[in-house]
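Chains, contacts and geometry: an overview
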Amino acid sequence: NATPGGLAGLVEIVYDHAQGIDLADLADELSFEVDDLFPLIDAGTMLGLLTVENGHVTLTELGRQWRQADILTSKTMFAAMLQDKAPLVRIIDRAVRHSEHGRLRGELIVDLLRARHTDTEAERQFNIAMTWGRYGELFDYDANTGELVLSEVAAALTALLMDGDTGVGS
């Protein structure tokens with residue numbers, strides 16, 4: 001249960017500690033309990049931004065690059081990390097891309113998650129995946145219709161790739 005902004009904030013703090021930082025010191029620096037950091041730490045390790053060994057958190061090279069990137073590059077990097085390391089986001093992205101009109105009811109994903117999780121957990125996972133996918137500009141969410149929609153950025157890239165036109169030389 002971590003947001004991209006929270007994850008970026010954690011990466012920024014760890015970045016400021018060139019040799020990394022112990023979890024206890026990090027929690028103390030933020031005035032939180034170590035347990036409160038686990039969702040962000042887990043997200044950072046899952047995406048390959050952080051490593052944790054014996055309670056010591058360090059940035060990976062990818063984490064350093066993500067921290068140093070401008071906003072557009074960081075979003076592009078985040079989208080690539082999601083495609084590679086976040087199965088639910090990848091599934092949603094593929095489903096939206098392969099739908100006839102680039103739209104998919106969010107309820108479908110929640111119902112599929114309910115097959116293995118409680119209603120509350122299914123909703124929580126869907127909301128996290130939706131937030132991450134939106135940040136990475138893979139898809140948007142229309143709250144009025146409850147639909148996941150291919151983002152304008154992703155739609156333009158998909159159209160470009162399907163046309164085979166890279167824009168080079170034109």
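This one's a predicted model, so the numbers in the text were calculated from it and none came from an experiment. (Residues numbered from 1 in each chain as written. Predicted model: local features only at pLDDT ≥ 70, side-chain atom pairs only at ≥ 80, totals over all residues. Heavy atoms only, no water.)

Where helix 2 (residues 23-30) meets helix 3 (residues 34-46), the closest approach of the two axes is 9 Å, and the angle between their N-to-C directions is 105°. In terms of axis orientation, helix 2 runs roughly perpendicular to helix 3. Residues Leu23, Ala24, Leu26, Ala27 and Leu30 of helix 2 touch helix 3, and the partners they reach there are Val34, Leu37, Phe38 and Ile41. A breakdown of the residues in the contact of helix 2 with helix 3 according to their chemical character gives nine nonpolar, no polar and no charged. (Axes fitted to C-alpha atoms, helices over the stretch in contact; angles between N-to-C directions. Helix = DSSP H or I, 4+ residues; strand = E, 2+ residues; numbered from the N terminus. Parallel < 35°, antiparallel > 145°, perpendicular 65-115°, else oblique. Contact = heavy atoms within 4.5 Å. Nonpolar A, V, L, I, M, F, W, Y, C, P; charged D, E, K, R; others polar.)

Moving on, we get to the confidence of the model for the protein chain. When the pLDDT values of the protein chain are averaged, the result is 90; 89% of them are 70 or greater. For residues 165-170, every residue scores under 50 in pLDDT, and the model assigns this stretch three contacts once sequence neighbours within four places are set aside. (pLDDT = per-residue confidence, 0-100.)

Before going further, it helps to examine the sheet that holds strand 2 (residues 50-53). On the basis of which strands lie adjacent, the open sheet formed by three strands has the order 1-3-2 and antiparallel pairing. The open sheet is flanked by strand 1 (21-22) and strand 2, the only strands paired with a single partner. With two bridges connecting them, strand 1 and strand 3 (residues 56-59) associate as antiparallel partners. Of the residues in strand 3, the one forming a bridge with Ile21 is Val57. Packing of helix 1 (residues 4-15) onto the sheet brings it into contact with strand 1, strand 2 and strand 3, and relative to strand 3 it is tilted by some 95°. (Pairing = 2+ DSSP bridges.)

Alignment of strand 2 against strand 3, held across four bridges, turns out to be antiparallel. Of the residues in strand 3, the one forming a bridge with Thr51 is Thr58. From the end of strand 2 to the start of strand 3, which pair antiparallel, there are two residues, and Asn54 there has a positive phi angle of about 50°.

This part takes up the packing of aromatic side chains. Evaluation of the coordinates by the stated rule reveals four aromatic pairs. On the basis of an interplanar angle of 65° and a centroid distance of 6.0 Å, the ring pair of Phe78 and Trp132 is categorised as edge-to-face. Taken together, the residues Phe78 in helix 5 (residues 71-85) and Trp132 in helix 8 (residues 119-135) connect sequence positions 54 residues apart. The residues Phe78 and Trp132 share a single accessibility class, namely buried. A ring pair is formed by Phe126 and Tyr141, whose centres lie 5.9 Å apart and whose planes are at 75°; its orientation type is edge-to-face. With Phe126 in helix 8 and Tyr141 in strand 5 (residues 139-142), this residue pair connects regions lying 15 residues apart in the sequence. In textbook terms, an aromatic cluster arises when at least three aromatic residues are bridged by ring pairs, as seen for Trp66, Phe78, Trp132 and Tyr135. (Phe/Tyr/Trp six-rings, centres within 6.5 Å; stacked < 30°, edge-to-face > 60°. Buried < 20%, exposed > 50% of the residue type's maximum accessible area, 1.4 Å probe, protein only.)

Turning our attention to the pairing of strand 6 (residues 147-150). Going residue by residue along strand 6, you find Glu147 and Val149 tucked away on one face and Leu148 and Leu150 tucked away on the opposite face as well. In terms of strand pairing, strand 4 (residues 103-105) meets strand 6 through three bridges, oriented antiparallel. Looking at the pairing, Arg103 lines up with Val149 of strand 6. Where strand 5 hands over to strand 6, the hairpin turn is made up of four residues, of which Gly146 adopts a positive phi near 75°.

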